[in-house]
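# Descriptive analysis of the structure
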Amino acid sequence: MKKLLLISLVSVSILKLLAAGINQFDKRNPLTTNDVNQIVQAIYRTEGGDKTKHPYGIIIGKRKFTKEEAKRICENTVRNNYTRWQRSNSTEGFINYLANVYCPVSADPKGNANWKKNMKKFLS
């Protein structure tokens, strides 16, 4: 009976994590290089991959960036916003927090929802 209860509790916990989306990031833990690489690759795909004029979704004024420059900016954006998220009172997961920076609801509500959905798909 105890084993069944434990299995049920674990199953419920896993389902809660899946329902909440990608919540693999814990504010108490540092972001690893592997985490950054996975997030940056997911951003690249979410922002259009090889088909876009703006790799990694990096748009700063009218300046054009090489793919390498855009990747570096994206990596820094991910790291800096992870630190901000850790220090914040935000109760949302990191990917949702990052989505609100990368594609704010105020600028594009539909785009924000799509960005979150695509990121979660590419990270799972």
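Preceding this paragraph is the structure being described.
Note that the structure is predicted; figures quoted are calculated from it, not measured. (Residues numbered from 1 in each chain as written. Predicted model: local features only at pLDDT ≥ 70, side-chain atom pairs only at ≥ 80, totals over all residues. Heavy atoms only, no water.)

## Details of helix α5 (residues 109-123)
Just so we agree on the cut-off: Helix numbers and strand numbers start at the N terminus; a helix is a DSSP run of H or I with at least 4 residues, a strand a run of E with at least 2. Expected helix span is taken as 1.5 Å per residue step, with the number of steps being one fewer than the number of residues. The contact criterion used throughout is that any non-hydrogen atoms of two residues lie within 4.5 Å.
Between its first and last C-alpha, α5 extends 21 Å over 15 residues, near the 21 Å set by a 1.5 Å rise per residue. Contact partners of the buried residues in α5: α2 (33-46) and α4 (94-102).

## Notes on empty space enclosed by the protein
For the record, the criterion: Definitions used for this entry: grid spacing 1 Å over protein atoms alone; cavity, a set of points where a 1.4 Å probe fits but cannot get out; pocket, an open set with protein on both sides within 12 Å along at least 5 of 7 lines; lining residue, one with an atom within 4 Å of a point. Grid points are joined across faces, edges and corners, and a volume is the space filled by probe spheres set on the points. Only Asp, Glu, Lys and Arg are considered charged in this grouping, and only Ala, Val, Leu, Ile, Met, Phe, Trp, Tyr, Cys and Pro are considered nonpolar; every other residue, Gly among them, is considered polar.
Counted according to the given criterion, the structure contains one cavity of 30 Å³ or more. When its volume is computed, the largest cavity comes out at roughly 50 Å³. Taken together, Lys53, His54, Pro55, Ile58, Arg63, Lys64 and Phe65 make up the full set of residues lining the largest cavity. Here the lining of the largest cavity is composed, by residue class, of three nonpolar, one polar and three charged.

## Brief notes about the environment of Asn29
Here Asn29 lies in the loop between α1 (2-19) and α2. Taking the C-alpha atoms as reference points, Asn29 and Gln86, separated by 57 residues in sequence, lie 8.9 Å from one another.

## With respect to unusual backbone geometry
As a reminder, the rule being used: Residue burial is assigned from relative accessible area. The probe radius is 1.4 Å, only protein chains are included, and a residue is buried under 20% of its type maximum, exposed over 50%, and partly exposed in between.
A positive phi angle, near 65 degrees, is found at Tyr56, a position not held by glycine. Secondary-structure assignment places Tyr56 in the loop between α2 and α3 (67-87). With relative accessibility at 4%, the residue Tyr56 sits in the buried group.

## Some thoughts on the packing of α2 against α3
Note the threshold: The angle between two axes is taken between their N-to-C directions and runs from 0 to 180 degrees, where each axis is a line fitted to C-alpha atoms and a helix contributes only its stretch in contact. Throughout this description, any angle smaller than 35 degrees is read as roughly parallel, any larger than 145 degrees as roughly antiparallel, any in the 65 to 115 degree range as roughly perpendicular, and the remainder as oblique. By convention, the crossing between two helices is left-handed when the near helix turns anticlockwise from the far helix through less than a right angle, and right-handed when the turn is clockwise.
Following both chains from N to C, one finds α2 and α3 inclined at 120 degrees, their axes separated by 10 Å at the closest point. Looking at the two axes, α2 sits oblique to α3. The hand of the α2/α3 crossing is right-handed. Across the interface between the two elements, Val36, Asn37, Ile39, Val40, Ile43 and Tyr44 from α2 touch Lys67, Lys71, Cys74, Glu75, Val78 and Arg79 from α3. Of the residues assigned to the contact of α2 with α3, the class counts are seven nonpolar, one polar and four charged.

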